[in-house]
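Coordinates in review
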Amino acid sequence: MVKAEGVHKSFGAAHILKGIDLEVAPREVFCLIGPSGSGKSTFLRCINHLEKINAGRLSVDGELVGYRQRGDKLYELKDAEVARKRRDIGMVFQRFNLFPHMTALENVMEAPVQVRGEAKAVARARAERLLDRVGLADKAGNYPSQLSGGQQQRVAIARALAMEPKLMLFDEPTSALDPELVGDVLDVMRGLAEDGMTMIVVTHEMGFAREVGDALVFMDDGVVVESGHPRDVLTDPQHERTKSFLSKVL
Ligand code: ADP
Ligand code: MG
C-alpha cells in the first residue's frame, strides 16, 4: 500500500529524511516510533502530499506520490490531481482540528458534501453510522467545545473515515489527551485495524504497538534504525539507539 525507497526530504539546509526505505502491506497496522524531531511527522506529510520529497521514490497503492509516470518520464501532478489523490488518505493529528462552528455530525458530513458533492441525506446517513462506530451516536449534535478531547479525537477519526480512505495516517493521535481518555481512542483504532484498514500510526503507546501492530519501525535522525515485528523490536531491540529510546519510554 505504501512503498518508500531512498526517500529524502530537506527544509533548506536542514536534511530531515535521509533515505527512508520501508513497505506497508495492505491491511497492515504499521507503527512508527522514534524521538521527537526524528522526522516521523515529516514522513507522514510526504505520504499525504503535504510535503514534496527531494529524492527517492514514494508510492501509495502503486502510484507515485506527486507524479504521474508515462513511459520512463515523470510529470508533476497538478493541484487538482493532488487534491483528488489526497481524498484516498485519511489523516488524524495530535490536535483534532475540528471545525468549531459545526456539530460533530456536521464535521463528519462536511468533506463528502463539499469535496465530493455528495447528497446531504447520504452524507448524513454515513456520518451517523460512523459516529456510532466511534461510540458517539449520542453526541452527534454537540459542538467540539461540548466534547472531551478523546471524544473530539474520535469525531476526527470519523471525519477522516467519511471520505472512505484506503489508507489512514495517525500522527500521535493520543499524545494531547488526558491519560484516562486515551483508551477509548485506541479502542476505536483497534476496531479499525480489525476491520482491515491499512494504518500508519506514529505513537508512543507501546502497548498498542505490541498488541495491534503488525510491523514496527524505529526511526532516529531521519533514518530507519530498526524494524520488525513489534514484539521482537520491543522485547529484543538490536541497536543501541533503539535500546536507549525504549528504556526511556517503556
Ligand atoms: P517528529 O515528528 O519525529 O517529531 P518532525 O518530522 O516533526 O519530527 O520534524 C523533524 C525535523 O524537521 C525537526 O527538526 C523540525 O524542526 C523540522 N521541520 C519540520 N517541518 C519543517 C518545516 N516546514 N520547515 C523547516 N523545518 C521543519
Ligand atoms: Mg511529529
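Owing to the predicted nature of the structure, the values given are computational and were not obtained by experimental measurement.

Positive phi outside glycine occurs at Arg 27, with the angle close to 70°. Residue placement: Arg 27 occurs in the loop between β2 (14-24) and β3 (29-33). In this structure, Asp 61 takes a positive phi of about 50° despite not being glycine. Within the secondary structure layout, Asp 61 lies in the loop between β4 (55-60) and β5 (63-64).

Turning next to the confidence of the model for the protein chain. Should pLDDT be low for a region, the predicted coordinates there are not to be read in detail. Scored by pLDDT, the protein chain comes out at a mean of 95, with 100% of its residues at no less than 70. Both scores are given for the predicted complex: the pTM is 0.96, the ipTM 0.98.

Attention now moves to the packing of helix α3 (residues 104-114) against helix α4 (residues 120-133). Remark: α3 packs on α4, axes separated minimally by 9 Å, with the N-to-C direction vectors making an angle of 130°. Taken together, the axis directions place α3 and α4 in an arrangement best described as oblique. For the pair α3 and α4, the sense of crossing is right-handed. Seen from α3, the contacting residues are Ala 104, Leu 105, Val 108, Met 109, Pro 112 and Val 113; seen from α4, they are Lys 120, Ala 123, Arg 124, Arg 126, Ala 127, Glu 128, Leu 130 and Leu 131. A breakdown of the residues in the contact of α3 with α4 according to their chemical character gives 10 nonpolar, no polar and four charged.

A separate point is the pattern of salt bridges. Counted by the stated rule, this structure contains 18 salt bridges. Among the salt bridges present, the one from Lys 52 reaches Glu 76, with a minimum N-O distance of 3.4 Å. With Lys 52 in the loop between α1 (40-47) and β4 and Glu 76 in strand β7 (residues 73-76), this residue pair connects regions lying 24 residues apart in the sequence. Residues Lys 166 and Asp 88 are paired through a salt bridge, measuring 3.5 Å at the closest nitrogen-oxygen approach. Of the two residues, Lys 166 is situated in the loop between α5 (149-161) and β9 (167-171) and Asp 88 in the loop between α2 (79-86) and β8 (89-92); the sequence distance between them amounts to 78 residues. In this structure Asp 88 comes out as partly exposed when scored by relative accessible area, which is 31%.

Take the sheet that holds β3 next. A sheet is described by the order of its strands in space; here six strands give the open sequence β8-β9-β10-β3-β11-β12, paired in mixed fashion. Here the strands that pair on one side only, and so sit at the sheet edges, are β8 and β12 (223-228). The sheet shows a mean angle of 20° between the axes of neighbouring strands, direction not considered. Here four bridges tie β3 to strand β11 (residues 215-220), and the two strands are oriented parallel to one another. Its bridge partner being in β11, Phe 30 is matched across the sheet by Ala 215. Relative to β9, α1 is tilted by about 155°, and along the sheet it contacts β3, β8, β9, β10 (198-202) and β11.

What counts, and where the lines are drawn
- Residues numbered from 1 in each chain as written.
- Chains lettered and ligands numbered in written order.
- Predicted model: local features only at pLDDT ≥ 70, side-chain atom pairs only at ≥ 80, totals over all residues.
- Heavy atoms only, no water.
- Helix = DSSP H or I, 4+ residues; strand = E, 2+ residues; numbered from the N terminus.
- pLDDT = per-residue confidence, 0-100.
- Axes fitted to C-alpha atoms, helices over the stretch in contact; angles between N-to-C directions.
- Parallel < 35°, antiparallel > 145°, perpendicular 65-115°, else oblique.
- Left-handed = near helix turned anticlockwise from the far one by under 90°.
- Contact = heavy atoms within 4.5 Å.
- Nonpolar A, V, L, I, M, F, W, Y, C, P; charged D, E, K, R; others polar.
- Salt bridge = Lys/Arg side-chain N within 4 Å of Asp/Glu carboxyl O.
- Buried < 20%, exposed > 50% of the residue type's maximum accessible area, 1.4 Å probe, protein only.
- Pairing = 2+ DSSP bridges.

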